[in-house]
Amino acid sequence: WRPIQFTLVVDDFGVKYVGKEHAEHLASAIRQNYKVTEDWTGNRYIGITLDWDYDKRQVHLSMPGYTKKALKQFGHKAPKQRQN
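Being a predicted model, the structure only gives us computed values, none of them experimental.

(A) Looking closely at the pattern of salt bridges. Applying the stated criterion across every chain yields a total of one salt bridge. The residue Arg31 makes a salt bridge to Glu38 at a minimum N-O spacing of 2.2 Å. For Arg31, a relative accessible area of 41% puts it in the partly exposed group. We classify Glu38 as partly exposed; its relative accessible area is 41%.

(B) Spotlight on unusual backbone geometry. In this structure, Ile46 takes a positive phi of about 45 degrees despite not being glycine. With respect to the helices, strands and loops of the structure, Ile46 is situated in the loop between strand 3 (44-45) and strand 4 (48-53). Of note, the phi angle at Arg57 is positive, near 55 degrees, even though the residue is not glycine. With respect to the helices and strands, the residue Arg57 is situated in the loop between strand 4 and strand 5 (58-62).

(C) Quick peek at the environment of Leu8. Tracing the backbone shows Leu8 in strand 1 (residues 4-9). Look at Leu8 and you get exposed, because its relative accessible area is 55%. Along the sequence, Leu8 and Ile46 sit 38 residues apart, while their C-alpha atoms lie 9.6 Å from each other. The contacts of Leu8, once residues within four sequence positions are left out, are Phe13 and Tyr45.

(D) Highlighting the environment of Glu21. In this structure, Glu21 sits in helix 1 (residues 20-31). In this structure Glu21 comes out as partly exposed when scored by relative accessible area, which is 48%. For the pair Glu21 and Arg2, spaced 19 residues apart in sequence, the C-alpha to C-alpha distance is 9.6 Å. There is a polar contact of 3.4 Å between the side chain of Glu21 and the side chain of His22.

How each quantity is defined
- Residues numbered from 1 in each chain as written.
- Predicted model: local features only at pLDDT ≥ 70, side-chain atom pairs only at ≥ 80, totals over all residues.
- Heavy atoms only, no water.
- Salt bridge = Lys/Arg side-chain N within 4 Å of Asp/Glu carboxyl O.
- Buried < 20%, exposed > 50% of the residue type's maximum accessible area, 1.4 Å probe, protein only.
- Helix = DSSP H or I, 4+ residues; strand = E, 2+ residues; numbered from the N terminus.
- Contact = heavy atoms within 4.5 Å.
- Polar contact = N/O pair within 3.5 Å; in protein donor to acceptor, adjacent residues only side chain to side chain.

Below you can see the structure in the form of structure tokens.
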């Protein structure tokens, strides 16, 4: 038994673990059959930026640039006046 949990969404794999050796064991098993890139910071997952505040036990989620990209994709023109 290993103290580890993971999620897989299309091609993004997130791992929660106690003891890095357990996460490394999982990564090693996956690398036997798949080409992978690893980011041990945990700052991005499925296109979402994660800003961890361990002291407050919080995580702040954001998607920088998402709104601007979506407005462009759907052809939304900026209003001539500010919309407050």
